Amino acid sequence: MKTAIYPGSFDPITNGHLDILTRAVSIFDDVIIAVLENPSKQPLFDVATRVELITEATKHFKNLRVDSFRGLTVSYAENNKANSIIRGLRAVSDFEKELQMAQANKNLNPKIETVFLMCSIEFAFLSSSLVKEICFLGGDIKDVVPECVDKYLSRLREKRFTNDCK
Ligand code: PNS
């Protein structure tokens, strides 16, 4: 049984993440999306909301689970009997940081391999931060995020707008 984890912030999940996942579930028997609970970062969505949105957006995948974790990614992988870490690469600019993380993880646990999947060209520009910025500045994000994320972010934008008008 080949189990892989796909760790990340997913604040929120985008169609770029789904693109990587679609490929990952066809390569591995079992994939776990693992949302990092990172106390040093200030995400827009709390972990429970991120897990909920990912669960909704990925319910059509059979061999996929959604979870959250704290601490080292390699420890989470080992505890869940996963021997691969999936990471998506969008552009050369991602490479340096990803190489460093892959090497750090290899150094921590040589049994766990990082597997890079290249994102499709139409998602090369896409990031969770950009999605949030576009949405809150009034732009349309429905083509770049799952429907549940579009609805959730749009509601949040309306709420902020209503509060700002008070
Ligand atoms: O979606 P992101 O923010 O690019 O994901 C980064 C993530 C969560 C994969 C990375 O920050 C991570 O693995 N953090 C856990 C802590 C850890 O294991 N650090 C040491 C090796 S990088």
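As a reminder, the structure under discussion sits directly above these lines.
Residues numbered from 1 in each chain as written. Predicted model: local features only at pLDDT ≥ 70, side-chain atom pairs only at ≥ 80, totals over all residues. Heavy atoms only, no water.

1. Digging into the nonpolar core
Counting 33 residues, the largest nonpolar core has Leu-21, Val-31 and Ile-86 as its most contacted members. The element that contributes the greatest number of residues to this core is helix 1 (residues 15–27), accounting for 5 residues. Setting aside residues up to four positions removed in sequence, Leu-21 forms contacts with Tyr-6, Ile-13, Val-31, Ile-33, Thr-58, Phe-61 and Leu-64. Ala-34, Ala-77, Ile-85 and Ile-112 belong to the second-largest nonpolar core, a separate cluster that totals 10 residues. (Core = buried A, V, L, I, M, F, W, Y, C linked by side-chain atoms within 4.5 Å. Buried < 20%, exposed > 50% of the residue type's maximum accessible area, 1.4 Å probe, protein only. Helix = DSSP H or I, 4+ residues; strand = E, 2+ residues; numbered from the N terminus. Contact = heavy atoms within 4.5 Å.)

2. Overview of the site of the ligand
The environment of the ligand is made up of Gly-8, Ser-9, Leu-36, Lys-41, Gly-71, Leu-72, Thr-73, Arg-87, Lys-97, Met-101 and Asn-105. For the ligand, an oxygen atom lies 2.6 Å from a polar atom in the side chain of Ser-9. A distance of 2.5 Å is found between an oxygen atom of the ligand and a side-chain nitrogen or oxygen belonging to Thr-73. Alone, the ligand offers 530 Å² of accessible surface; in the complex the protein occludes 73% of this. At 3 residues, the largest contribution of residues to the shell around the ligand is made by helix 4 (residues 92–108). (Near = heavy atom within 4 Å. Polar contact = N/O pair within 3.5 Å; in protein donor to acceptor, adjacent residues only side chain to side chain. Areas by Shrake-Rupley, 256 points an atom, 1.4 Å probe, with all protein chains shown as cover.)

3. Things to note about the environment of Asp-143
Structurally, Asp-143 is set in the loop between helix 5 (128–136) and helix 6 (147–165). Look at Asp-143 and you get exposed, because its relative accessible area is 64%. Once the C-alpha coordinates of Asp-143 and Asn-15 are considered, the two residues, 128 residues apart in sequence, prove to be 8.1 Å apart.

The quantities given are spatial measurements derived from coordinates; they are silent on function.
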